[in-house]
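One letter stands for each residue in the lines below.
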Amino acid sequence: MYTKEEIVKSVPQTGFVGQPKGLFTLFFTEFWERFSYYGMRAILLFYMYYAVKDGGLGLDRTQANIIMSIYGSLIYMSGIIGGWIADRITGTRKAVFYGGILIMIGHILLALPLGVSALYLSMFFIIIGTGLLKPNVSSVVGDLYAPNDARRDSGFSIFYMGINMGGFLAPLLVGLFQKNWGFHAGFSVAAVGMFIGLVVYLMSQKSLGLAGSVAPNPLSGEEKKTTVRNFTIGGLVIVVLGVIAYMTGNANIKNFSVLITILGVTIPTLFIFYMYRSPKTNADEKSRLLAYIPLFICAVMFWAIAEQSSTILATFIDTRTNLNLWGFKIPAAWFQSFNPLFIITMAPLFALLWTKLGNAGPSTPRKFAYSLFFAGASFLIMIAAIVITPEGTLVNPLWVVLSIFLVVLGELLLSPVGLSATTKLAPAAFAGQTMALWFLASAAAQAINAQLVRVYEIVSETMYFGVLGGLSIVIGIIILFISPIISKAMRGIK
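Everything numeric here is computed off the predicted structure, so don't read it as measured data. (Residues numbered from 1 in each chain as written. Predicted model: local features only at pLDDT ≥ 70, side-chain atom pairs only at ≥ 80, totals over all residues. Heavy atoms only, no water.)

Engineer: What is the right way to look at the overall build of the protein in this model?
Structural biologist: Counting secondary structure elements, the protein contains 16 helices and four strands. For 494 residues, the compact-globule estimate of 2.2 N^0.38 gives 23 Å, and the C-alpha radius of gyration of the protein, at 22 Å, lies within 12% of that figure. Across its three principal directions, the C-alpha atoms of the protein cover 65 × 55 × 50 Å. Within the protein, the fraction of its 494 residues that count as buried is 49%. Of the contacts made within the protein by residues no fewer than 6 positions apart, 83% connect residues no fewer than 24 positions apart. When the accessible surface of the protein is split by element, carbon and sulfur atoms take 70% of a total near 22300 Å². (Helix = DSSP H or I, 4+ residues; strand = E, 2+ residues; numbered from the N terminus. Rg over C-alpha atoms; globule rule 2.2 N^0.38 Å. Buried < 20%, exposed > 50% of the residue type's maximum accessible area, 1.4 Å probe, protein only. Contact = heavy atoms within 4.5 Å. Areas by Shrake-Rupley, 256 points an atom, 1.4 Å probe, with all protein chains shown as cover.)

This is the structure in structure tokens:
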């Protein structure tokens, strides 16, 4: 085991825009990983429900939306497993590399015309690979800096820009390839992106020094035996349940979506209950955990709307929006680039605003409430678009862009604030697990969306957008009303 001081000393502390040289490696690794993921996600839904003659799989549209929601939920859930593997077995560096390989394999499977079986197999590889790579690459970034290094926040900001730059460029390029040469060509671009990321990582990882090179809490000999036994038993139980479900005719997407929804809600509930009841959690920490519950509910509501950009909103863009502009048909996938574009342009303004306001700025609960107002407004705007558009004609795409913009305003009020609040409200003994809990808000939201997409097909669009948008605003009002109580329960945490 190395001390934090030894790890930091092993890292070249300059070499990338005034930051540790290793940040270059991690910046471009994450850039290409997000490029591959968001590029694939931009066209995956369309690939599933487009007719075979159009290069798709010809799945039912509702089924395709359910699969996308399950996929998104499992992506976030897998981070728990990936973090555990890095902490106890491989170390974060190896976890990132192995994760990248699995992600690339998943994209290669999608790039080949192998049908539905390849789709599910690719999802398995990408889910496990993302779970290994996504949480651990951020941990390595943290290892580059001493705890009191003033460059830490700016380093993470640069790293965050890499995420959004990859997310912005990928749908444009992948969407263009898909439009001109088909879905498999688009998926090939995503596979190449991850391959480039791995090459960059391998060629420049010396600049990381000792960061992430060893597991911080490795399994003992006895723990290894127990872990192997538990994983074996768990695997066998899953196989047996799968066989029973198949033999009884219950092995279908709808039933699996119900299971994921139950897990998405149950797992974070058990997390909070376990931490609250633990003797390692003192009275102040228990109070802060109670304060965290309404914030977590806010996050679930927000992401339930925001994450529909790759399901319901993507379907609306593809089927109900006028994509012909000056004789050119805009690829529906391109709309996925607006979210990261708006984040890149607006995030510095929000950072400047909070710095200028200082202690006079709104409290964390109020920021969360405001984020729900913007999320709700983004869906209410869609009602206006539908009502104003003459029947039988397609909706002006600017309405959709405005909806995406409102969601981004909400995201900038909730996402970075939520990360910061999570680190401050976490019980000392469960700091890492509480951070995992924050990401489970997105998993829970998409697990719930797996049921909501079924509702979309049986009610009117105005009712669907109106009920969810209105619910978001109502919850925001409640949080705004009880924000003094939440702030008091945070016990001095701002």
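Still more ground to cover, so stick around.
Engineer: Where do I start with the packing of helix H3 (residues 61-90) against helix H9 (residues 253-277) in this structure?
Structural biologist: When two helices pack together, their arrangement is given by the angle between the helix axes and the distance between those axes. One way to put it is that H3 packs onto H9 with a least axis distance of 10 Å and a crossing angle of 30°. For the pair H3 and H9, the crossing hand works out as left-handed. Counted together, Gln-63, Ile-66, Ile-67, Ile-70, Ser-73, Leu-74, Met-77 and Ile-80 of H3 and Ile-253, Lys-254, Phe-256, Ser-257, Ile-260, Leu-263, Gly-264, Ile-267 and Phe-271 of H9 form the full contact between these two elements. Split into classes, the residues belonging to the contact of H3 with H9 amount to twelve nonpolar, four polar and one charged. (Axes fitted to C-alpha atoms, helices over the stretch in contact; angles between N-to-C directions. Left-handed = near helix turned anticlockwise from the far one by under 90°. Nonpolar A, V, L, I, M, F, W, Y, C, P; charged D, E, K, R; others polar.)

Engineer: Explain the nonpolar core to me, please; I cannot follow it from the model alone.
Structural biologist: Most often, soluble globular proteins keep nonpolar side chains buried together rather than apart. Formed by 113 residues in total, the largest nonpolar core has its most connected members in Met-40, Leu-44, Met-48, Phe-187 and Phe-465. For this core, the element with the most residues is helix H10 (residues 283-306), which contributes 14 residues. Residues in contact with Phe-465, not counting those within four places in the same chain, are Ile-312, Phe-316, Phe-379, Leu-380, Met-382, Ile-383, Ile-386 and Tyr-456. Within the second largest apolar cluster, 21 residues are counted, among which are Val-137, Val-140, Ile-163 and Met-194. (Core = buried A, V, L, I, M, F, W, Y, C linked by side-chain atoms within 4.5 Å.)

Engineer: How do you make sense of helix H8 (residues 221-247) when you look at a structure like this?
Structural biologist: Counting along an α-helix, one turn takes 3.6 residues, and residues three or four places apart therefore face a common direction. In this model H8 runs 39 Å from its N-terminal to its C-terminal C-alpha over 27 residues, within 8% of the 39 Å that 1.5 Å per residue would give. Gly-249 sits one or two residues past H8 and shows a positive phi near 80°. (Expected span 1.5 Å × (residues − 1).)

Engineer: Can you help me understand the side chain of Asn-164 in this one?
Structural biologist: Topologically, Asn-164 is positioned in helix H6 (residues 152-181). Its relative accessible area of 6% is what places Asn-164 among the buried residues. Beyond its immediate chain neighbours, meaning those up to four positions away, Asn-164 contacts Pro-340, Ile-343 and Ile-344.

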